[in-house]
Amino acid sequence: MGDAGDRNLMTTLDTRIKQSIRDIPDFPKPGIIFKDITPVVADPPLFRDVIAAFADRYQGKGLTTIIGIESRGFIFGSALAHKMGLPFHLVRKKGKLPYKTIQTSYDLEYGSATIEMHVDAITPTDVVLVVDDLLATGGTAAAACELVSRQGGRVHECAFMVELDFLNGRKLLKDTPVFSLVHY
Ligand code: AMP
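Residues numbered from 1 in each chain as written. Predicted model: local features only at pLDDT ≥ 70, side-chain atom pairs only at ≥ 80, totals over all residues. Heavy atoms only, no water.

What follows covers helix H5 (residues 72–84). In a regular helix each residue adds 1.5 Å, so 13 residues correspond to 18 Å; H5 covers 19 Å between its end C-alpha atoms and thus fits that length. Along H5, the residues that are buried comprise Gly73, Phe74, Phe76, Gly77, Leu80, Ala81 and Met84. Considering only its buried residues, H5 is in contact with helix H3 (38–41), helix H4 (44–58), strand S3 (65–69), strand S4 (88–93), strand S7 (127–135) and strand S8 (154–163). (Helix = DSSP H or I, 4+ residues; strand = E, 2+ residues; numbered from the N terminus. Expected span 1.5 Å × (residues − 1). Buried < 20%, exposed > 50% of the residue type's maximum accessible area, 1.4 Å probe, protein only. Contact = heavy atoms within 4.5 Å.)

Structure (structure tokens):
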């Protein structure tokens, strides 16, 4: 194998993810640098390795179900649930889920947001992994954790591909463990 091949083998998952993510300045509003993760899922070996890294971490940990947060949490959460043979449930913005729901509201920079989960998504014996693409301020993930615990489930961890460390999302998640594949 030549130098290029050796280099590819040695490139860590962290580097490959960071090389793939696109920074979009001023989206969706001025001052935000949006981390566009769509190139990661458009790259089959990379997407596969991201899901495998999560599966390696959570195999044998007693998880009973995976929750994905709308909308990019659906991509990673459902792929992981499929790989691990676990049920997958959706946390969605208000008004999108068809069956009976429980809901919670949380503060955004301006105003508030409401998310929902089906009432039969979680049972009191569930050990839950909450998945989203990115942890920013942590408001969305904390609200998702609240929905799980209100239904009697225990959140094992919140898992993200990307964490924006400077926004301190971990702090808002308090005692809930957090794991992210890459940090900015
Ligand atoms: P937060 O509740 O602040 O942690 O926001 C998390 C949600 O907003 C996640 O579902 C992310 O997909 C999205 N999000 C927040 N900030 C960004 C960003 N800079 N780039 C991409 N997605 C973001």
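Taken as a whole and assessed by the stated rule, the structure comprises nine salt bridges. In this structure, the salt-bridge partner of Asp23 is Lys35, at a minimum N-O distance of 2.7 Å. In this pair, Asp23 is assigned in strand S1 (residues 22–25) and Lys35 in strand S2 (residues 33–36), connecting sequence segments 12 residues apart. (Salt bridge = Lys/Arg side-chain N within 4 Å of Asp/Glu carboxyl O.)

Okay, the environment of Ile67 next. Along the chain, Ile67 turns up in strand S3. Judged by its relative accessible area of 0%, Ile67 is buried. When the C-alpha positions of Ile67 and Thr15 are compared, they lie 27 Å apart, and in sequence the two are 52 residues distant. Not counting residues within four places of it along the chain, the set of residues in contact with Ile67 comprises Phe88, His89, Val91, Met117, Ile122, Val128, Leu129, Val130, Val131 and Val148.

What follows is about the sheet that holds S4. With respect to topology, seven strands assemble into an open sheet ordered S5-S6-S4-S3-S7-S8-S9, the strand pairing being mixed. Because the sheet does not close on itself, it has two edges, and the strands there are strand S5 (101–107) and strand S9 (178–183). Averaged over all neighbouring strand pairs, the angle between strand axes comes to 20°, with direction disregarded. For S3 and S7, the ladder comprises four bridges, and the chain directions are parallel. Across the sheet, the residue bridging to Gly68 is Val131, located in S7. Sheet strands in contact with helix H2 (residues 13–20) are S8 and S9, and its direction is about 65° off that of S9. Contacting S7, S8 and S9, H4 crosses the sheet at an angle of about 150° to S8. (Pairing = 2+ DSSP bridges. Axes fitted to C-alpha atoms, helices over the stretch in contact; angles between N-to-C directions.)

This part covers the site of the ligand. In the neighbourhood of the ligand, 13 residues make up the surrounding shell, with Arg72, Asp132, Asp133, Thr137 and Thr140 lying closest. One of the backbone N or O atoms of Gly139 is found 3.4 Å from an oxygen atom in the ligand. Interatomic distance of 2.5 Å between a side-chain N/O atom of Thr140 and an oxygen atom of the ligand. In isolation the ligand exposes 480 Å². Once the protein is present, 82% of that is buried. Judged by the proximity of its atoms to the pocket grid, the ligand belongs to the largest pocket. Taken together, the elements giving at least two residues each to the shell around the ligand come down to S2, S7 and helix H6 (139–150). Taken together, the residues of the shell around the ligand break down into five nonpolar, four polar and four charged. (Near = heavy atom within 4 Å. Polar contact = N/O pair within 3.5 Å; in protein donor to acceptor, adjacent residues only side chain to side chain. Areas by Shrake-Rupley, 256 points an atom, 1.4 Å probe, with all protein chains shown as cover. 1 Å grid on protein atoms, 1.4 Å probe; cavity = no way out; pocket = protein on both sides within 12 Å on 5 of 7 lines; lining within 4 Å. Sits in = over half its atoms within 2 Å of the grid points. Nonpolar A, V, L, I, M, F, W, Y, C, P; charged D, E, K, R; others polar.)

Picture a little ball the size of a water molecule; that probe, rolled over the atoms, points out where space is still empty. Roughly 1,300 Å³ of volume is contained in the largest pocket. Residue contributions to the lining of the largest pocket peak at five residues, all from H6. Of the residues in the lining of the largest pocket, the class split is 22 nonpolar, seven polar and 10 charged. (Points joined across faces, edges and corners; volume = space filled by probe spheres on them.)

The next thing to look at is the side chain of Ser180. Here Ser180 is to be found in strand S9. For Ser180, a relative accessible area of 6% gives the class buried. Only 2.7 Å separates the side chain of Ser180 from the side chain of Glu163, close enough to count as a polar contact. Here Ser180 is in contact with Phe160, Met161, Val162, Glu163 and Arg170, once residues within four sequence places are set aside.

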